[in-house]
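# Reading the structure
Here are the chains, one letter per residue:
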Amino acid sequence: MNQFLRKLIVFLVILFAVNLQAQDKKEITFTAVNEPILDILSEIGAQFNVQFYVIEDWIKDQKTSVVKDTYTLEALLKEVLDDTPLNFYKYSEDKVVLIKNNSIVSELPKGFVVDSLKRNNTQANPIFAEEFNQDITDGNVITIGKRSSARVGSEYELTGYIRDSKTNAGIDNLVISANDKSIYTTTDANGFYTLRLPAGQHRVETSGLGYGLESKTIVLYGSGSLNFNLVEDAQLLKEVIIESNKSENIREATVGISRINLKEIKTIPLVLGERDVLKVAVTLPGIQKAGEGSIGYNVRGGRADQNLILLDDAVIYSPSHFLGFFSGINPFTTGSVDIYKGNIPAEFGGRLSSVFDIETKAGNKEKISGEGSIGPVTGNLTLEVPVVKDRSSILVGGRATYSGWILRSLSEESLKDSEASFYDGIINYNDKINDKHQVKASVYYSDDKFSITSDSLYRYNNALASVNYTHQWNDKKKGELILSHSNYQFEIDFDANSDKDFLFDYTINESQLKYNLNHKIDPKHTLLYGGAAKYYNIDPGNIEGKGESSTIQPLSIQSERAVESAIFLSDEYEVNKKLQLNLGLRYSHYANLGPSVQREYQDGAPKNESTVVSENTYDDNEVVETYGGLEYRFSGRYFLTPELSLKAGYNRTLQYIHLLSSNTTISPTDTYKLSDLNIKPQKASQFSLGVFRNFDDQDLEVSLEGYYKSLDDILDYKTGANLTLNENIETELLQGEGQAYGVEFLLKKKKGNLNGYFGYTYSRTFIKLDSENPDERVNNGEYFPANYDKPHDFSLVANYKITQRYSVSFNASYQTGRPITYPVGKFEFAGEQQVVYSDRNDFRIPDYFRLDIGFNIEGNHKKMKLAHSFWNISIYNVLGRNNPYSVYFVNDNKEIKAYQTSIFSVPVPTITYNFKF
């Protein structure tokens, strides 16, 4: 009997063990689509006959999906809990415990006891012993990610937002660091940051001028998020110069980028009391203007139309007021200005030389605030109003000039009938719906009108609108959908009370749809990819007589339409700690559309009436001609030392739209022309190389950059070209090649009583217009300087802080005179003197030099004030130098005479009152 019992017990034990083994290997077919995790666990428990023990708040409201497949219990739980901070431990055959962040080990890891003895019997925490050879010393520890022994030694991404605790707005350019600042990064325009850290314990802290220091101790098990809400430190508001992004100039891989700190420009001496964002850009190396008071910018040897100027993702065609004296960008509503002049990101296209990416700041989401100024000829006011507290806000800004009233008040009879005025306004709505969804919308309008003579009134305006929807798919992926529209138009009202009175107008419209996707593949790769489509509609001009007695015949030039589309991809790849690459490709495609009538000319013959082969008629939206090509955007950074980096880049760009202007500087009445059957797109290739060095102990930045740019199919004009209301404009145009090269030096002192920067640019730009036909050849087909070629350009911007409230500012500028074509001989014909001109641009006007001085008075820095004030007293051109703007020649009573025009040839004093509340 006893023997039988013993055999029965052995049999039951074996049967029970087999049953347990079968239970462990039990498999079920399971699937779930966006279901609550708690419901999924309940279903799993029922099918596997197990009970789960978990704190429901850990996964409350969380959902997940499971691909249909056959799973064991362990495999299914791994799949369900993969994107959560939870691990599981099978306590018994029918009980499973879920643990947050940590994991339970059933035995001590190999070598644990020996390692503990080697640490002089220091008590170790076995939870961390298998992963980290360190102890946790801070009791207030934040655990991030899910602990797994399979991930020992890995590096993870710590992401998050740093916000102002009052406004809930993201804080840009703030430094966040770990491990005693040995690892650091800076926040972007929305306050978002990404920090790559090894697994283990870290002390993460924020630092930045204007906000108090905050630190947190974390234990990192995997990628996750950590947010900060910072309180503004009022004591730090006394600084005049705000510290720039720490070491960003040497760390980022993009070469040839300039950023304007909006808080710095308030101390720069002003002209007519107007703080000007884009005038500050001209003081930076590589960016020039053809002359004082001119419209447009020449960047690294490029023409003024080769710059893409964006305001909240919409193109602004004429970013200047008052014939170039003032910028069309309101400094009180602007949040950031990034200028790409070397390596243009792959997401931007359509221009050869640069991108001015200007973003409006987000309004205050906490309380009503504002900023304004009152100057001698302009007034400016900006208001920020919360719509939904801590979530959305609206910003409204407006500027206007009362210069027209001043002109009419003058005793000078010749100016009493003159008019010169402008205004602009912007409305920006910003709604951070939640951490995943954000909407921004902007509307901008500007209007200028001037009449320096009594017979003509000129008027031009910009109208822009854009909507930006951002969706944060997850911690690694963010999408951005942008819809924008731009309109620019001008009109001329000629009224001389004669039979030649007329009205003339011109319009260009541009609409674009764009989608960007930012995807952090892993700690080393960040992809940016997407596509864009743009539609052009140009009305090249209409003229009609004014009044019944006018003899002007009505004329309307055929409208132009085109579609420009592109796809792009870039990869920011960190090869190792020293080498980082930014590799980008952009493919653009352009199609000119009908209705249109296009001429074909004989091959190799000059384009004129006698060489026309045929006229082709194209129906509405019929494709006239297509162009396209691959654009390369490559750049890289290599650390020679922690404070010294070497950068290089190559940029290939295409431009399908051309500015028609035969003047040295562009004007508001210049027109644009689209590429078509007879006009090819312009192309450029640029190589850049730079060295960047920081001296942290002296708060100095030093950079030296060189570049070489080759240009193809650059647009130019025949001598004496007629570009206005010309139905066959291609007969007046020439396309040739060019080259530009230069060296740029920048020395910047960021902090201290004396701060500012010194910039020097050596640059040359040459154009070659060669042809077998003499009337399409310029300067015998040899290279000649472009009319904006100015080899030497020096700029000094400095601010000296006398006390916390008083400072004095200096601004000095020197430039080589630009090229000009001079008469070199004369002869008489038909009783009048005629002149013989030199080769094109063979001479130069005198060099340009200007010195400005400003005195700044800040109100006291008491926190509890209705408004904070700031006075600026400036003297523009303090030396009264008569700098030439242009030199021209006229035949006066059968005699050739030379004339020089100057702008602000005497010192111009200004006093401006600024306030902020």
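For the structure, check the block above.
Here we summarise the structure given alongside this text.

## Some thoughts on the overall build of the protein
Along the backbone of the protein there are nine helices and 57 strands. Counting across all 917 residues of the protein, residues that qualify as buried make up 49%. For the protein, contacts bridging at least 24 residues in sequence account for 65% of all contacts bridging at least 6. A total of about 42200 Å² of accessible surface is found on the protein, and carbon and sulfur atoms cover 54% of it.

## So, the side chain of Ser675
Counting through the fold element by element, Ser675 comes out in the loop between β41 (671-674) and β42 (682-695). In this structure Ser675 comes out as buried when scored by relative accessible area, which is 0%. Within the local environment of Ser675, its side chain forms a polar contact with the side chain of His658, the two groups lying 2.9 Å apart. Setting aside its immediate chain neighbours within four residues, Ser675 contacts Tyr590, Asn592, Tyr627, Tyr656, His658, Lys680 and Pro681.

## Let's talk about the nonpolar core
Of all hydrophobic cores here, the largest spans 38 residues; its most connected members are Tyr317, Ile508, Ile657 and Tyr672. When contributions to this core are tallied by element, the ones reaching two or more residues are β18 (307-311), β27 (419-432), β30 (477-494), β31 (502-522), β32 (525-545), β40 (657-660) and β41. If we skip the residues at most four places from it in the chain, Tyr672 touches Asp305, Tyr317, Tyr506, Ile508, Ile538, Glu560, Ile657, His658 and Leu659. One finds Ala281, Ile287, Val299 and Val337 within the second-largest nonpolar core, a separate group that totals 28 residues.

## With respect to a negative patch on the surface
Taken together, the side chains of Asp69, Glu79, Asp82 and Asp83 define an acidic patch exposed on the protein surface. Note that Asp82 resides in the loop between α3 (73-80) and β4 (86-92).

## Quick word on the packing of aromatic side chains
Geometry of an aromatic ring pair is reported as the spacing of the ring centres plus the angle between the planes. Applying the stated criterion across every chain, the model contains 24 aromatic pairs. Seen from their ring centres, Trp871 and Tyr913 are 4.7 Å apart, and the 50° between their planes marks the pair as tilted. In this pair, Trp871 sits in strand β54 (residues 868-876) while Tyr913 sits in strand β57 (residues 908-916), placing the two residues 42 residues apart along the sequence. Overall, the relative accessible area of 26% leaves Tyr913 in the partly exposed class. The rings of Phe745, Phe758, Tyr760, Phe794 and Tyr814 are connected pair by pair, giving a single aromatic cluster. It is Lys216 that lies over the ring of Phe228; its NZ or CZ is 4.5 Å from the centre. Here the guanidinium or amino end of Lys647 rests over the ring plane of Phe692, the centre of that ring lying 4.3 Å away.

## What about the environment of Val80?
Tracing the backbone through its elements, the reader meets Val80 in helix α3. Each C-alpha atom, one on Val80 and one on Lys63, is 9.5 Å from the other, the two residues being 17 residues apart in sequence. When residues no more than four places from it in sequence are discounted, the contact partners of Val80 are Ile37, Ile40, Ile44, Thr64 and Val66.

## A few points about α3
Burial in α3 covers these residues: Leu73, Leu76, Leu77 and Val80. Take α3 and look down its axis: the buried residues cluster within an arc of 100°, on one side only.

## Re unusual backbone geometry
For the bond running from Gly594 to Pro595, omega is 10°, close enough to zero to count as cis. Here Pro595 lies in the loop between β35 (579-593) and β36 (596-601). Of note in this structure, Asn779 is not a glycine but carries a positive phi near 50°. Here Asn779 is to be found in the loop between β45 (754-768) and β46 (784-785). Backbone geometry places Asn780, a non-glycine residue, at a positive phi of 60°. Topologically, Asn780 is positioned in the loop between β45 and β46. Residue classification places Asn780 among the exposed residues on the basis of a relative accessible area of 63%.

## A word on the pattern of salt bridges
Side-chain pairs of opposite charge can arise where the charged atoms are in close proximity. For the coordinates displayed, the defined rule picks out 31 salt bridges. Ionic pairing is found between Arg163 and Asp435, a salt bridge with its closest N-O pair at 3.1 Å. Here Arg163, found in strand β7 (residues 155-164), pairs with Asp435, found in the loop between β27 and β28 (437-451); they are 272 residues apart in sequence, far enough to count as distant. Since its relative accessible area comes to 8%, Arg163 is described here as buried. Residue Glu347 pairs with Lys514 through a salt bridge whose shortest N-O separation is 3.4 Å. One end of the pair, Glu347, is in the loop between β22 (334-340) and β23 (354-360); the other, Lys514, is in strand β31, with 167 residues separating them in the sequence. Classification of Glu347 by relative accessible area gives buried; the value is 19%.

## Side note on the pairing of β32
The side chains of a regular strand alternate between both faces of the sheet. Bridging between β31 and β32 involves 19 bridges; their strand directions are antiparallel. Among the inter-strand pairings, Asn509 is bridged to a residue of β32, identified as Asn537. Pairing of β32 with strand β34 (residues 560-574) involves 14 bridges; the strand directions are antiparallel. Its bridge partner lying in β34, Tyr535 is registered against Val563. In the sheet, β32 pairs with strand β33 (residues 555-556) via two bridges, with the strands oriented antiparallel. Among the inter-strand pairings, Ile543 is bridged to a residue of β33, identified as Leu555.

## Section: the environment of Ser327
Among the secondary structure elements, Ser327 is positioned in strand β21 (residues 326-327). Owing to a relative accessible area of 2%, Ser327 belongs among the buried residues under this scheme. Sequence separation of Ser327 and Arg275 is 52 residues, and the distance between their C-alpha atoms is 8.7 Å. Those residues within four positions of Ser327 in sequence are excluded, and the remaining contacts are Asp276, Leu278, Pro319, Ser320, His321 and Arg399.

## Some remarks on helix α2 (residues 37-48)
For α2, which comprises twelve residues, the first-to-last C-alpha distance of 16 Å matches the rise-based estimate of 16 Å (1.5 Å per residue) to within 8%. Ile37, Ile40, Leu41, Ile44, Gly45 and Phe48 are the residues of α2 that are buried. For α2, the arc enclosing every buried residue in end-on projection is 135°, short of the 170-degree limit, so these residues lie on one face. Of the exposed residues in α2, those oriented more than 90 degrees away from the buried face are Ser42 and Ala46.

## Here's the deal with the pairing of β40
Neither face of β40 is left uncovered, since the one carrying Ile657 and Leu659 and the one carrying His658 and Leu660 both have all their residues buried. One ladder, built from four bridges, connects β40 with β41; its direction is antiparallel. Within β41, the position partnered with Ile657 by the bridge is Leu674.

## Quick notes on the environment of Phe422
Topologically, Phe422 is positioned in strand β27. Owing to a relative accessible area of 3%, Phe422 belongs among the buried residues under this scheme. Sequence spacing of Phe422 and Lys449 is 27 residues, and the spatial spacing of their C-alpha atoms is 6.4 Å. Ignoring sequence-local partners within four residues, the contact set of Phe422 consists of His321, Phe322, Phe326, Thr378, Arg399, Ala400, Thr401, Asp447 and Asp448.

## Section: the packing of α2 against α3
Close contact between α2 and α3 brings their axes to 12 Å; oriented N to C, the two are set at 180°. Between α2 and α3, the angle falls in the class roughly antiparallel. Facing α2, whose interface residues are Ile37, Ile40, Leu41, Ile44 and Phe48, α3 presents Leu73, Leu76, Leu77 and Val80. Class assignment of the residues belonging to the contact of α2 with α3 gives a composition of nine nonpolar, no polar and no charged.

## Side note on a nonpolar patch on the surface
A cluster of nonpolar side chains, Leu754, Tyr800, Ile802, Tyr806, Phe855, Trp871, Ile873 and Ile911, forms an exposed patch at the surface whose accessible area comes to about 720 Å². In this structure, Ile873 sits in strand β54. By relative accessible area, which is 37% here, Ile873 ends up partly exposed.

## Regarding the sheet that holds β18
If you trace the five strands from one edge of the open sheet to the other, you get β15-β22-β23-β18-β19, paired in mixed fashion. Two strands bound the open sheet, and with one partner strand each, they are β15 (257-260) and β19 (314-315). Taken together, the five bridges between β18 and β23 define a ladder with parallel strand orientation. Note that in β23 the partner of Leu311 across the bridge is Ile358.

Thresholds applied
Residues numbered from 1 in each chain as written. Predicted model: local features only at pLDDT ≥ 70, side-chain atom pairs only at ≥ 80, totals over all residues. Heavy atoms only, no water. Helix = DSSP H or I, 4+ residues; strand = E, 2+ residues; numbered from the N terminus. Buried < 20%, exposed > 50% of the residue type's maximum accessible area, 1.4 Å probe, protein only. Contact = heavy atoms within 4.5 Å. Areas by Shrake-Rupley, 256 points an atom, 1.4 Å probe, with all protein chains shown as cover. Polar contact = N/O pair within 3.5 Å; in protein donor to acceptor, adjacent residues only side chain to side chain. Core = buried A, V, L, I, M, F, W, Y, C linked by side-chain atoms within 4.5 Å. Patch = residues over 30% accessible without salt bridge, like charges linked within 9 Å, V, L, I, M, F, W, Y side chains within 5 Å. Salt bridge = Lys/Arg side-chain N within 4 Å of Asp/Glu carboxyl O. Lys, Arg positive; Asp, Glu negative; His and termini not counted. Charge placed at Lys NZ, Arg CZ, Asp CG, Glu CD. Phe/Tyr/Trp six-rings, centres within 6.5 Å; stacked < 30°, edge-to-face > 60°. Lys NZ or Arg CZ within 6 Å of the ring centre and 35° of its normal. Arc of directions from axis to C-beta. Pairing = 2+ DSSP bridges. Expected span 1.5 Å × (residues − 1). Axes fitted to C-alpha atoms, helices over the stretch in contact; angles between N-to-C directions. Parallel < 35°, antiparallel > 145°, perpendicular 65-115°, else oblique. Nonpolar A, V, L, I, M, F, W, Y, C, P; charged D, E, K, R; others polar.

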